[in-house]
Number of protein chains: 2
Amino acid sequence: MFTEAKILEVKENIFDANQVNADKIREQLRADKKLMINVMSSPGSGKTTTLCRTINMLKDEYRIGVLECDIDASVDAETILATGAKSVQLHTGGMCHMDAQMTFQGMEALGMEDVDVCFIENVGNLVCPAEFDTGADINMTILSVPEGDDKPAKYPLVYEVSELVLVNKCDALCVFDFNKDLCVERIHELNPDAKVIFVSSKTGEGFDEWIEWLRAKIEERMGA
Amino acid sequence: MFTEAKILEVKENIFDANQVNADKIREQLRADKKLMINVMSSPGSGKTTTLCRTINMLKDEYRIGVLECDIDASVDAETILATGAKSVQLHTGGMCHMDAQMTFQGMEALGMEDVDVCFIENVGNLVCPAEFDTGADINMTILSVPEGDDKPAKYPLVYEVSELVLVNKCDALCVFDFNKDLCVERIHELNPDAKVIFVSSKTGEGFDEWIEWLRAKIEERMGA
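Here the structure is a predicted model, which means the values were calculated and not measured.

### A few points about unusual backbone geometry
Consideration 1: Even without glycine at this site, Lys33(A) takes up a positive phi of about 55°.
Consideration 2: With respect to the helices and strands, Lys33(A) occurs in the loop between α1 (10-31) and β1 (35-41).
Consideration 3: Here Lys33(A) falls in the partly exposed class, since its relative accessible area comes to 38%.
Consideration 4: Positioned with a positive phi, Lys169(B) is a non-glycine residue whose angle comes to about 60°.
Consideration 5: For Lys169(B), the location among the structural elements is in the loop between β6 (164-168) and α7 (180-190).
Consideration 6: On the basis of relative accessibility, which here comes to 11%, the residue Lys169(B) falls in the buried class.

### Notes on the interface of chain A and chain B
Interfaces are often described in size by the accessible area the parts lose on coming together.
Consideration 1: Contacts between the two partners involve 31 residues from chain A, matched on the other side by 31 residues from chain B.
Consideration 2: Buried area between chain A and chain B, summed over both chains or domains, comes out near 2,400 Å², and the portion from carbon and sulfur atoms is 60%.
Consideration 3: There are two salt bridges connecting chain A and chain B.
Consideration 4: Between Lys154(B) and Asp76(A) there is a salt bridge, and its shortest N-O distance comes to 3.1 Å.

### Some points on the relation of the copies chain A and chain B
Consideration 1: Expressed as a screw operation, the relation of chain A to chain B combines 0.0 Å of axial shift with a rotation of 180°, fitting to an RMSD of 0.0 Å. In the structure described here, the two chain copies are related by an operation that fits a two-fold rotation axis.
Consideration 2: By residue overlap, the copies meet face to face through one surface: 100% of the interface positions of chain A are interface positions in chain B.

### Description of the pattern of salt bridges
Consideration 1: All told, the structure shown has 24 salt bridges over all chains when counted by the stated rule.
Consideration 2: In this structure, the salt-bridge partner of Asp150(B) is Lys151(B), at a minimum N-O distance of 2.6 Å.
Consideration 3: Classification of Lys151(B) by relative accessible area gives buried; the value is 3%.
Consideration 4: Its salt-bridge partner being Lys217(B), residue Glu163(B) comes within 3.2 Å of it at the nearest N-O pair. Remark: Lys217(B) occurs in helix α8 (residues 207-223) and Glu163(B) occurs in the loop between α6 (156-160) and β6; sequence separation between them is 54 residues.
Consideration 5: Residue classification places Lys217(B) among the partly exposed residues on the basis of a relative accessible area of 24%.
Consideration 6: Salt bridges sharing common partners tie together Asp76(A), Asp150(B), Lys151(B) and Lys154(B).

What counts, and where the lines are drawn
Residues numbered from 1 in each chain as written. Chains lettered and ligands numbered in written order. Predicted model: local features only at pLDDT ≥ 70, side-chain atom pairs only at ≥ 80, totals over all residues. Heavy atoms only, no water. Helix = DSSP H or I, 4+ residues; strand = E, 2+ residues; numbered from the N terminus. Buried < 20%, exposed > 50% of the residue type's maximum accessible area, 1.4 Å probe, protein only. Contact = heavy atoms within 4.5 Å. Buried area = accessible area lost by both parts, 1.4 Å probe. Salt bridge = Lys/Arg side-chain N within 4 Å of Asp/Glu carboxyl O. Least-squares fit on C-alpha atoms with pLDDT ≥ 70 in both.

In structure tokens, the structure reads:
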């Protein structure tokens, strides 16, 4: 007989189970000398366009795979396939985020044996994806200029867990009131170590710096 | 003793309970001749700016209240208060959406006795808010031009449940590849009855049409 009410922290249990799966994925990635990067952003911040340009700049050096996560659509995986990279489309079935179990299923479907670097293009959402460890080695967030420089203050967690922020659509700075210094300041208040790079996935501005950062991470992993 | 495994559809139960609460709110709103509008969008699509301009155009005619829903920040309620409208800031505590119970708490905190029209500014997120009935009479979505004309295809549910879509930041059409006709077509594929209005909350373009639409809805309710 229970002498006091039993309390079940369902949400914590979900996070704990996910963490175990995520740690297992990272362990395997390290053993196989492969790097996985989780890309988060609002809808329409330019995740797919950024990945396409990135793949085109690196595909002669590394074998790249992409897990494309969407509620329902399939157009992004097709866009990625056109670059020549491997890609699978994951339908989350209405789920608002990726978790480690979904990443594992995606890796199985993609086939990791001929992939050096794997990107997860998470569901476009600044809230839920930040709460679930996908198993990736690196979390990064894309913030686009039209969304405004106040987004870090509104959606802090995604910036806290990201070691890199790409500020995208810088070619549109001329038509928006966007304070670059204030934006960087707000990101660093949440995460002093976050690297912030201003880019335009449309014009290629800033991509040399981003690619250099990324190449160092890949080399570190593959040489490890 | 159980002779077969009992299956508990937890998610369905959550939705059912929420629906009961949402219907109760709508019943009360009808009885009190007040109108409630749930505003959804991606982060940074211009919900707050749109509401400020809307309030300024209607505040001499109607008493307006706003429930500002954010994960953690409080700046939007302050922005709304500066217009002279009533507003309370709801912190969802990490939750990615509003539900009817939260709306009810917000209405209690706001005090609805001197409010004719109440807006819910939902959490910036195109996924989860669409799944939860807030109890509002009208759902609307703001899609901003920089997000791209493909958003309806990527996040269908929010467009399916919205009777109005404001396509915002039209002043920036010159710097983005955004096909207005294709956007409308994609919205109407999901929801043939949705009204689509192109606006700029920065310049005021298109606001006459939006305000006329809104005024008709308010008058219908208040006269009912």
